[in-house]
Amino acid sequence: MWSPFVLSKQTESQLADFTQLFFGQALRAEASRAGFRFIEKLVNEWESNANRFDGPGEILAGASQNGQLVAVGGLNIDAYAEDITVARLRHLYVLKNVRRRGVASSVARYLLDAARTSFDSVRLFTDTAEAAALYDALGFAPAKSTSATHIIRFK
């Protein structure tokens, strides 16, 4: 069982450690090679302080193995929803060599558990069948929106 951990909401010293862990590791390079630009966007927004997942209810989480970040995912207020009770699950990525071992499910469940305390629902957008299957298995339903493919409601 993977134990996700919070990457945001850390002290400045811990944030510096996170920056070292995340920005020089395989996860960023692999995602880029696979054509997933959202990890590069996450890194750029983090470095510029544009998004540190520090708004009410927001969180950035990850999972590691042997000191290497192998998965990351975040939860923000959904800017597309224009409703602060709606969150957006973003930037969920797992290294290929640890996929199919429950890592994505663990990180996503961790984020959803956190979301339940601050939000009424969580939306997301994916364009891959593999990710869609994961979200379906987690209880998400199809979203009827141009800005989201899936939604899960808590209330």
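The structure contained in this document is the topic of the report that follows. Sequence order sets the numbering: in each chain, residues are counted from 1 along the sequence as written. Selection of residues for local features in this predicted model requires a pLDDT of at least 70, selection of side-chain atom pairs for listing and counting requires 80 or more, and totals for whole chains, interfaces and linings are taken over all residues. As a rule here, side-chain values come from all non-hydrogen atoms in the structure, and water together with hydrogens is ignored.

1. Considering the layout of surface pockets
Approximately 1,100 Å³ is the volume attributed to the largest pocket. Lining the largest pocket are 35 residues; nearest its centre among them are Phe-38, Leu-92, Thr-126, Ala-131 and Tyr-135. For the lining of the largest pocket, the secondary-structure elements that each account for two or more residues are α3 (38-47), β3 (68-77), β4 (86-94), α4 (103-116) and α5 (129-137). Considering each element in turn, the lining of the largest pocket owes the most residues, seven residues, to β4. Under the scheme applied here, ten amino acids are nonpolar (Ala, Val, Leu, Ile, Met, Phe, Trp, Tyr, Cys and Pro), four are charged (Asp, Glu, Lys and Arg), and all others, including Gly, are polar. For the lining of the largest pocket, the class distribution of residues is 18 nonpolar, seven polar and 10 charged. Definitions used for this entry: grid spacing 1 Å over protein atoms alone; cavity, a set of points where a 1.4 Å probe fits but cannot get out; pocket, an open set with protein on both sides within 12 Å along at least 5 of 7 lines; lining residue, one with an atom within 4 Å of a point. Grid points are joined across faces, edges and corners, and a volume is the space filled by probe spheres set on the points. Strands are runs of DSSP state E lasting at least two residues, helices are runs of H or I lasting at least four, and both sets are numbered from the N terminus onward.

2. What about α3?
Taken together, the buried positions of α3 are occupied by Ile-39, Leu-42, Val-43, Glu-45 and Trp-46. Within two residues after α3, Asn-49 carries a phi angle of roughly 65 degrees, on the positive side. Buried, partly exposed and exposed residues are distinguished by accessible area as a fraction of the type maximum, computed with a 1.4 Å probe on protein chains only: under 20%, between the cut-offs, and over 50%, respectively.

3. Description of the pattern of salt bridges
In what follows, salt bridge is the name for a side-chain nitrogen of Lys or Arg lying within 4 Å of a carboxyl oxygen of Asp or Glu. The tally for this structure, following the rule as stated, stands at seven salt bridges. The salt bridge involving Glu-40 is made with Arg-28; its shortest N-O contact spans 2.6 Å. Here Glu-40 is found in helix α3, whereas its partner Arg-28 is found in helix α2 (residues 26-33), with 12 residues between them in sequence. Between Asp-78 and Arg-123 there is a salt bridge; the shortest N-O distance is 2.7 Å. With Asp-78 in the loop between β3 and β4 and Arg-123 in strand β5 (residues 121-124), this residue pair connects regions lying 45 residues apart in the sequence. The class for Asp-78 is buried, based on a relative accessible area of 1%. Look at the salt bridges and you will find they share partners, linking Lys-41, Glu-45 and Arg-90 into a network.

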